[in-house]
Amino acid sequence: ELQAARVRTLPDSERRLAEALAVHGGNVPLAHCLEIAAGEGIGDPYALLENLVRESVLHNAGDAYALSYDALRDALLAELTPERSRELHLRMGALIAADNATDVMHKLDAGWHLLQGGERERGAALLAEAGLSLGYSSDDLASAVPALRAALEVYRAQNFSDYDRVRLLCPLAL
C-alpha cells in the first residue's frame, strides 16, 4: 500500500517513464529511456532520470536504469489500463527489436513485449526464432518451451502452414 500511495504522488512525467520501466521489469538502457521519454513528450529526460534516482524510484546500473523495488513495480503495473500496458509493451518491444541484437535473450524480450503489445505475428516470429535456437543449441528448454508455445498459439490462430507449426513442435517433443 505504501508503494501504491507513492505511485499516486509521482509527477505525471515521472510516473509515465516509471510505468515503461515497470512493464519491462529489468534494466533498461539509457538510450531506450531517452527514446521512451521522447515518445512520451517528456522534456529534459536526464534531469527526470536523475530525480527518479535521487527519490529512489529508480537505480542505475552502469548505462541502464531499473525500478528500485519490486513492490513499486507491482504498484505501477496495477495502475495501468490495458490500453496503456499494450502501448508500453509495444514501444518497449519495438525498441529492443530495433537494436537488431542477435542474442537469444534480446529476441525473447522483444518477442514477449511485441506479443503483449498486440503485434502478435512479429512477436511470435521472434519468440519462435529464439525458442528454436534455445531448443536446439542449449540446455535452456525452460526458456524455450514458453516461447515456442506462445508462438505456436499465434501460428495456429493465424492459420500458418503445417510446416511452420511442425517446426515449432519438434523441440517441444524432445
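Residues numbered from 1 in each chain as written. Predicted model: local features only at pLDDT ≥ 70, side-chain atom pairs only at ≥ 80, totals over all residues. Heavy atoms only, no water.

Trainee: Could you clarify how one ought to interpret the overall build of the chain in this entry?
Mentor: Helices and strands together make up the secondary structure of the chain, namely 10 helices and three strands. Taken from N to C terminus, the helices and strands of the chain fall in the order α-α-β-α-α-β-β-α-α-α-α-α-α. Projected onto the principal axes, the alpha-carbon positions of the chain cover approximately 50 × 30 × 30 Å. Residues classed as buried in the chain amount to 43% of the 174 residues present. In the chain, the share of contacts with a sequence separation of at least 24, taken over all contacts with a separation of at least 6, comes to 58%. The centroid of the 16 positive side-chain charges in the chain is displaced by 5 Å from the centroid of its 26 negative side-chain charges. (Helix = DSSP H or I, 4+ residues; strand = E, 2+ residues; numbered from the N terminus. Buried < 20%, exposed > 50% of the residue type's maximum accessible area, 1.4 Å probe, protein only. Contact = heavy atoms within 4.5 Å. Lys, Arg positive; Asp, Glu negative; His and termini not counted. Charge placed at Lys NZ, Arg CZ, Asp CG, Glu CD.)

Trainee: Help me understand the sheet that holds strand 1 (residues 28–29) in this model?
Mentor: Sheets are built from strands that pair by backbone hydrogen bonding, the pairs being arranged parallel or antiparallel. If you trace the three strands from one edge of the open sheet to the other, you get 1-3-2, paired in antiparallel fashion. Each edge of the open sheet is held by one strand with a lone partner, namely strand 1 and strand 2 (58–60). (Pairing = 2+ DSSP bridges.)

Trainee: What exactly am I supposed to notice about unusual backbone geometry here?
Mentor: Excluding glycine, a negative phi dihedral is what most residues carry, and trans is how most peptide bonds are arranged. In this structure, D44 takes a positive phi of about 50° despite not being glycine. Structurally, D44 can be placed in the loop between helix 3 (30–39) and helix 4 (45–54). With a phi close to 55°, N159 is a non-glycine residue in the positive phi region. Mapped onto the fold, N159 is located in the loop between helix 9 (141–157) and helix 10 (162–173).

Trainee: How should I be thinking about the pairing of strand 3 (residues 64–67) in this particular structure?
Mentor: A regular strand places its side chains so that they alternate between the two faces of the sheet. Neither face of strand 3 is exposed, since A64 and A66 on one face and Y65 and L67 on the opposite face are all buried. Here strand 1 runs beside strand 3; their pairing, made up of two bridges, is antiparallel. What sits directly across from P29, in strand 3, is A64. As defined by bridge partners, strand 2 adjoins strand 3 across three bridges and the pair is classed as antiparallel. By the bridge assignment, N60 is partnered in strand 3 with Y65. Hairpin geometry of strand 2 and strand 3 is characterised by an intervening segment of three residues between the two adjacent antiparallel strands and by a positive phi of about 70° at G62.

Trainee: Please clarify how the pattern of salt bridges should be interpreted in this entry.
Mentor: A complete count under the given rule lists 16 salt bridges for this structure. R84 is the salt-bridge partner of E19, the closest N and O atoms lying 2.8 Å from each other. Of this pair, E19 sits in helix 2 (residues 12–24) while R84 sits in helix 6 (residues 82–98), placing them 65 residues apart in sequence. Both residues of the pair, E19 and R84, count as buried. (Salt bridge = Lys/Arg side-chain N within 4 Å of Asp/Glu carboxyl O.)

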